[in-house]
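What follows is each chain in one-letter form.
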Amino acid sequence: MGNEKLLLTGATGNIGLEIIRGLNENNPEINTIAGSHSVEKSKKVLAEYTISEFRKVDFADSSTFD
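Numbers given to residues run from 1 along each chain, matching the order in which its sequence is written. Residues qualify for local features only when their pLDDT is at least 70, as the model is predicted, and side-chain atom pairs are given and counted only at 80 or more; totals for whole chains, interfaces and linings, by contrast, use all residues. Heavy atoms throughout the structure, all of them, feed into the side-chain values; hydrogens and water do not.

(A) Highlighting the sheet that holds strand β3 (residues 53-56). By this definition, two strands are paired if DSSP reports at least two bridges between them. Secondary structure follows DSSP: runs of H or I at least 4 residues long count as helices, runs of E at least 2 residues long count as strands, and numbering of each begins at the N terminus. Strand order in this open sheet of three strands is β1-β2-β3, and the pairing throughout is parallel. Both outer strands of the open sheet, β1 (5-9) and β3, are each paired with one neighbouring strand and no more. Across the sheet, the mean angle from the axis of one strand to that of its neighbour is 25°, orientation sign disregarded. As paired strands, strand β2 (residues 31-36) and β3 are joined by four bridges and run parallel to one another. For helices, the fitted axis covers only the stretch in contact; all axes are lines through C-alpha atoms, and the angles between them, taken along N-to-C directions, range from 0 to 180 degrees.

Shown next as structure tokens:
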């Protein structure tokens, strides 16, 4: 694998958190981008995991899709 990136929306939710956990344990070379409504909440909830970037993603606000 190379410089793979994965944007995970809902990163602090029940499923998203388990995916983050699994990626950190099994595929730490993947650059994980945590997407959620609140970047600050994500940074707190995911503090123990390796996250390459945090992004605000709100499906009701298309300006967050970049």
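(B) Quick look at helix α1 (residues 14-26). Helices are assigned an expected span. That span is 1.5 Å times one less than the residue count. If you check α1, its first and last C-alpha atoms are 19 Å apart, about what 13 residues at 1.5 Å a residue would give, namely 18 Å. The contact rule is simple, with two residues in contact once any of their heavy atoms fall within 4.5 Å. Tucked into the core, α1 has its buried residues touching β1, β2 and α2 (39-45).

(C) Structural context of the side chain of S42. Of note, S42 is situated in helix α2. Each residue is assigned to one of three classes by its accessible area relative to the maximum for its type, calculated with a 1.4 Å probe on protein chains only: buried under 20%, partly exposed between the two thresholds, exposed over 50%. Here S42 falls in the buried class, since its relative accessible area comes to 1%. Setting aside chain neighbours within four positions, we find S42 in contact with T12, S36 and F54.

(D) Expanded view of the side chain of T64. Tracing the backbone shows T64 in the segment after β3. Those residues in contact with T64 that sit more than four places away from it in its chain are K56, V57 and D58.

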